[in-house]
Amino acid sequence: MADSKPVPSLNEDPMAAEALLRDVFGMIVDEAIRKGTDASEKVCVWKEPEELKQLLDLELKSQGESQEQILERCRAVIHYSVKTCHPRFFNQLFSGLDPHSLAGRIITESLNTSQYTYEIAPVFVLMDEEVLRKLRTLVGWSSGDGVFCPGGSMSNIYAMNLARYQRYPECKQRGLRALPPLALFTSEESHYSFSKGAAFLGLGTDSVRVVKADARGKMIPEDLERQISLAEAEGAVPFLVCATSGTTVLGAFDPLDAIANVCQRHGLWLHVDAAWGGSVMLSQMHRHLVDGIHRANSVAWNPHKLLAAGLQCSALLLRDTSNLLKRCHGSQASYLFQQDKFYDVSLDTGDKVVQCGRHVDCLKLWLMWKAQGGQGLERRVDRAFALAQYLVEEIRKREGFELVVEVAPVLKERMVKEGSMMIGYQPHGPRVNFFRVIVANPNLTHADIDFLLAELERLGQDL
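Description of the structure in this document. Since this is a predicted model, take the numbers as computed values, not measurements.

Parameters and conventions
Residues numbered from 1 in each chain as written. Predicted model: local features only at pLDDT ≥ 70, side-chain atom pairs only at ≥ 80, totals over all residues. Heavy atoms only, no water. Helix = DSSP H or I, 4+ residues; strand = E, 2+ residues; numbered from the N terminus. Rg over C-alpha atoms; globule rule 2.2 N^0.38 Å. Buried < 20%, exposed > 50% of the residue type's maximum accessible area, 1.4 Å probe, protein only. Contact = heavy atoms within 4.5 Å. Areas by Shrake-Rupley, 256 points an atom, 1.4 Å probe, with all protein chains shown as cover. Lys, Arg positive; Asp, Glu negative; His and termini not counted. Charge placed at Lys NZ, Arg CZ, Asp CG, Glu CD. Expected span 1.5 Å × (residues − 1). Arc of directions from axis to C-beta. Core = buried A, V, L, I, M, F, W, Y, C linked by side-chain atoms within 4.5 Å. Pairing = 2+ DSSP bridges. Axes fitted to C-alpha atoms, helices over the stretch in contact; angles between N-to-C directions. Left-handed = near helix turned anticlockwise from the far one by under 90°. Nonpolar A, V, L, I, M, F, W, Y, C, P; charged D, E, K, R; others polar. Right-handed = clockwise from strand over helix to strand, strands pointing away.

Digging into the overall build of the protein
And step 1. Broken down by element type, the protein carries 14 helices and 10 strands.
And step 2. For 463 residues, the compact-globule estimate of 2.2 N^0.38 gives 23 Å, and the protein sits close to it at 24 Å.
And step 3. Seen through its C-alpha atoms, the protein measures out along the principal axes to roughly 70 × 70 × 45 Å.
And step 4. Classification of the 463 residues of the protein by burial places 49% in the buried group.
And step 5. Of the contacts made within the protein by residues no fewer than 6 positions apart, 75% connect residues no fewer than 24 positions apart.
And step 6. Here the protein has roughly 22500 Å² of accessible surface; of this, 53% comes from carbon and sulfur atoms.
And step 7. Charged side chains in the protein number 51 positive and 58 negative. The centres of these two groups are separated by 4 Å.

Looking at helix α14 (residues 446-459)
And step 1. Here α14 is 14 residues long and its end C-alpha atoms lie 20 Å apart, about the 20 Å a rise of 1.5 Å per residue gives.
And step 2. Turning to α14, its buried residues number three or more, namely D448, I449, L452, L453, E455, L456 and L459. The buried residues of α14 occupy an angular sector of 160° when the element is viewed end-on, so they sit on one face.
And step 3. Elements that come into contact with the buried residues of α14 comprise β1 (89-90), α12 (362-397), α13 (408-418), β9 (422-428) and β10 (431-436).

A closer look at the nonpolar core
And step 1. L224, L270, I293, V299, L317 and L365 are the most contacted members of the largest nonpolar core, which totals 59 residues.
And step 2. Apart from the residues lying within four places of it in its own chain, the contact partners of L365 are V131, L135, F148, P303, A309 and C313.
And step 3. If you look at the next biggest cluster of nonpolar residues, it comprises 31 residues, including L162, Y168, F239 and L318.

Here we look at the sheet that holds β9
And step 1. If you walk across this open sheet you meet the 3 strands as β1-β9-β10, and the pairing is mixed. Where the open sheet ends on each side, the last strands, each with one partner, are β1 and β10.
And step 2. Pairing between β9 and β10: 4 bridges, direction antiparallel. Note that in β10 the partner of Y425 across the bridge is F435.
And step 3. Each of β9 and β10 touches α13; the most contacted strand, β9, lies at about 165° to it.

A short note on the packing of helix α5 (residues 122-139) against α12
And step 1. Orientation of α5 relative to α12, taken along the N-to-C sense of each, is 65°, at an axis distance of 9 Å. Note on packing geometry: the crossing formed by α5 with α12 is left-handed. Contact with α5, carried on its side by F124, M127, D128, V131, K134, L135 and L138, involves C362, L363, L365, W366 and W369 of α12 and no other residues of that element.
And step 2. Each residue belonging to the contact of α5 with α12 can be placed in one class, and the counts come to 10 nonpolar, no polar and 2 charged.

As for the pairing of strand β2 (residues 145-149)
And step 1. Along β2, 5 of the 5 residues are buried, which leaves the element largely enclosed by surrounding structure.
And step 2. Burial along β2 is two-sided: the residues D145, V147 and C149 and G146 and F148 are all buried.
And step 3. When β2 meets strand β8 (residues 314-318), the two strands line up antiparallel, connected through 5 bridges. For C149, the partnering residue across the bridge sits in β8 and is S314.

Regarding the pairing of strand β6 (residues 269-273)
And step 1. For β6, the buried fraction is high: 5 of the 5 residues fall into the buried class.
And step 2. Where burial is concerned, the two faces of β6 agree: the one with W269, H271 and D273 and the one with L270 and V272 are both buried.
And step 3. Taken together, the 5 bridges between strand β5 (residues 237-244) and β6 define a ladder with parallel strand orientation. The residue of β6 that forms the bridge with C242 is H271.
And step 4. Once the chain exits β5 it traverses helix α10 (residues 256-266) before rejoining the sheet at β6, and the crossover so formed is right-handed.
And step 5. Sheet topology note: the β6/strand β7 (residues 298-301) ladder contains 3 bridges and is parallel. In the sheet register, H271 faces β7, and the bridge partner there is S298.

Right under this line is the structure:
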């Protein structure tokens, strides 16, 4: 790389800085978007860690670099990164690229504001309120509350904290001294964030009581009853049930109505982790999978997954209308949340959350929804289900394919090093490692599914 003057700041040379940004935006369109969504390009360019460190020259030095060098840095970052928008990326519960959502993300980053007061984020405070209201109506609530969180795990942890505070409000001041031994209940197929949350909140992982799931991965309500009785017999106080709509591995939907009946009998808070499956609420065809969700006290939903809204877009929705979020988390910081402001201070929503500075996550979803409409998003959900069904049917037609085959680690290494596609794998109970194919990218076609199966056959022909 040739030596030249360091990149100027906007204050020093606005024209040069603007030229840099135009070059970077052009590179993003060409390298990250156009190539990143081209099925003929690689999903990733695999390098071993030590080689990649050398290629990227990660060391931070005392002298700045030239504009040409910085552009090469940007190009290298894009080149060696995994293209999650690629049609052959089936590895995670998020994938694909929605241009309207990306436009929203670019605007959000450019404006660089925080979502805590109306005075510095007036547009986004009002937009946030409207988007959360719309999501709540899909759950089936005419009122309530909510907040965007930094990921589904944090949405679940917030729900755990709210359920505890609602039952024992004195714990906000007195901490664990105010609490008896507590018990929360969740399926053996549920997300690991509940155990992490129990540890993080001081409840301890022993407070998480694991409820059995059936062969399809759905929580068994009868075993939930049994676990509640067992916890009470051991001296613990049940306070929360965490159901799942769309489990991480099997994609199972817990029977919410039956679980809600149990919660109602025992006076327990019902939280539904619908981070993956919540988007079925947009679909007339598949909404039945979350029948009973309106009976929950709280719902976690990640539009950045099945709707492809882009990371991160994770909503925690509450049926509560008593300002529980603010009562639980508020601290009335006087330098931010003054009560004598010249506008309606109820619009200063930052005291509802644990964070101070908070990323704006509503614009990407709002802009995508404006462009697609609810009907367009419904088609997106229905198409994902149709492609998943097509994959199942094609697997059944092919000899040598089973739902569980112990060659997954070898095939994963081969596909990643070739860069042809990317699929996650894992064991499950007594089953050996198997591929967990995520069908969520809105730009997927039957040809991509056909390629997936043919490529697995090609990569494993000698195994």
